[in-house]
Amino acid sequence: MLAASPADFKVWACVLCGFLYSEAEGLPDMGIAPGTRWADVPDSFVCPDCSATKVDFEMIEI
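Residues numbered from 1 in each chain as written. Predicted model: local features only at pLDDT ≥ 70, side-chain atom pairs only at ≥ 80, totals over all residues. Heavy atoms only, no water.

Turning next to the pairing of strand 1 (residues 11-14). Residues of strand 1 alternate between two faces, with Val-11 and Ala-13 on one and Trp-12 and Cys-14 on the opposite face, all of them buried. Bridging between strand 1 and strand 2 (residues 20-22) involves three bridges; their strand directions are antiparallel. Counterpart to Trp-12 in the pairing with strand 2 is Tyr-21. (Buried < 20%, exposed > 50% of the residue type's maximum accessible area, 1.4 Å probe, protein only. Helix = DSSP H or I, 4+ residues; strand = E, 2+ residues; numbered from the N terminus. Pairing = 2+ DSSP bridges.)

Right, dumping it as structure tokens:
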């Protein structure tokens, strides 16, 4: 299996406050390892800035 390139990872934005979740970077301080796809982030995830739920995030093109 080939490793994903940085271009293969997506960035997701909280529509309420603008916080960005980068699949390439993850959120190690919250126990989410770098390279973790959004689909693999637990449904119980909440935005660290405003406590919005996972459904309040949208994938954005950068």
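For the rest of this paragraph, the subject is the sheet that holds strand 2. With antiparallel pairing, three strands are arranged side by side in an open sheet as 2-1-3. Each edge of the sheet is formed by a strand with only one pairing partner; in this case those strands are strand 2 and strand 3 (57-60). The average angle at which neighbouring strand axes cross in this sheet is 30°, direction not considered. The pairing of strand 1 with strand 3 spans four bridges and is classified as antiparallel. In the strand pairing of strand 3, Cys-14 is matched with Phe-57. (Axes fitted to C-alpha atoms, helices over the stretch in contact; angles between N-to-C directions.)

Right, let's talk about a nonpolar patch on the surface for a bit. Nonpolar side chains collect at one region of the surface, where Leu-20, Ile-60 and Ile-62 lie side by side and expose about 310 Å² of accessible area between them. When you line up the elements, Ile-60 lands in strand 3. Look at Ile-60 and you get partly exposed, because its relative accessible area is 30%. (Patch = residues over 30% accessible without salt bridge, like charges linked within 9 Å, V, L, I, M, F, W, Y side chains within 5 Å. Areas by Shrake-Rupley, 256 points an atom, 1.4 Å probe, with all protein chains shown as cover. Salt bridge = Lys/Arg side-chain N within 4 Å of Asp/Glu carboxyl O.)

Here Leu-20 is to be found in strand 2. Overall, Leu-20 belongs to the partly exposed group, its relative accessible area being 44%. Linking Leu-20 and Glu-58, residues 38 residues apart in sequence, is a C-alpha distance of 9.6 Å. Residue contacts for Leu-20: discarding those within four places in its chain leaves Val-11, Trp-12, Ala-13 and Ile-60. (Contact = heavy atoms within 4.5 Å.)

On to the nonpolar core. Grouped together as the largest cluster of nonpolar side chains are twelve residues: Trp-12, Cys-14, Phe-19, Tyr-21, Leu-27, Ile-32, Trp-38, Val-41, Phe-45, Cys-47, Ala-52 and Phe-57. The residues contacting Tyr-21, other than those within four sequence positions of it, are Lys-10, Val-11, Trp-12, Gly-26, Leu-27, Ile-32, Thr-36, Trp-38 and Val-41. (Core = buried A, V, L, I, M, F, W, Y, C linked by side-chain atoms within 4.5 Å.)

Attention now goes to the packing of aromatic side chains. By the definition in use, this model includes six aromatic pairs. Between Trp-12 and Trp-38, the aromatic rings sit 5.3 Å apart at their centres with planes inclined by 20°, giving stacked as the arrangement. Placement of the pair is Trp-12 in strand 1 and Trp-38 in the loop between strand 2 and strand 3, with a sequence separation of 26 residues. In this pair, the class of Trp-12 matches that of Trp-38, namely buried. What links up through ring pairs into an aromatic cluster is the set Trp-12, Tyr-21, Trp-38, Phe-45 and Phe-57. Here Lys-54 stacks its cationic end above the ring of Trp-38, 5.3 Å away from the centre of that ring. (Phe/Tyr/Trp six-rings, centres within 6.5 Å; stacked < 30°, edge-to-face > 60°. Lys NZ or Arg CZ within 6 Å of the ring centre and 35° of its normal.)

Any functional reading would require information beyond the geometric quantities listed.
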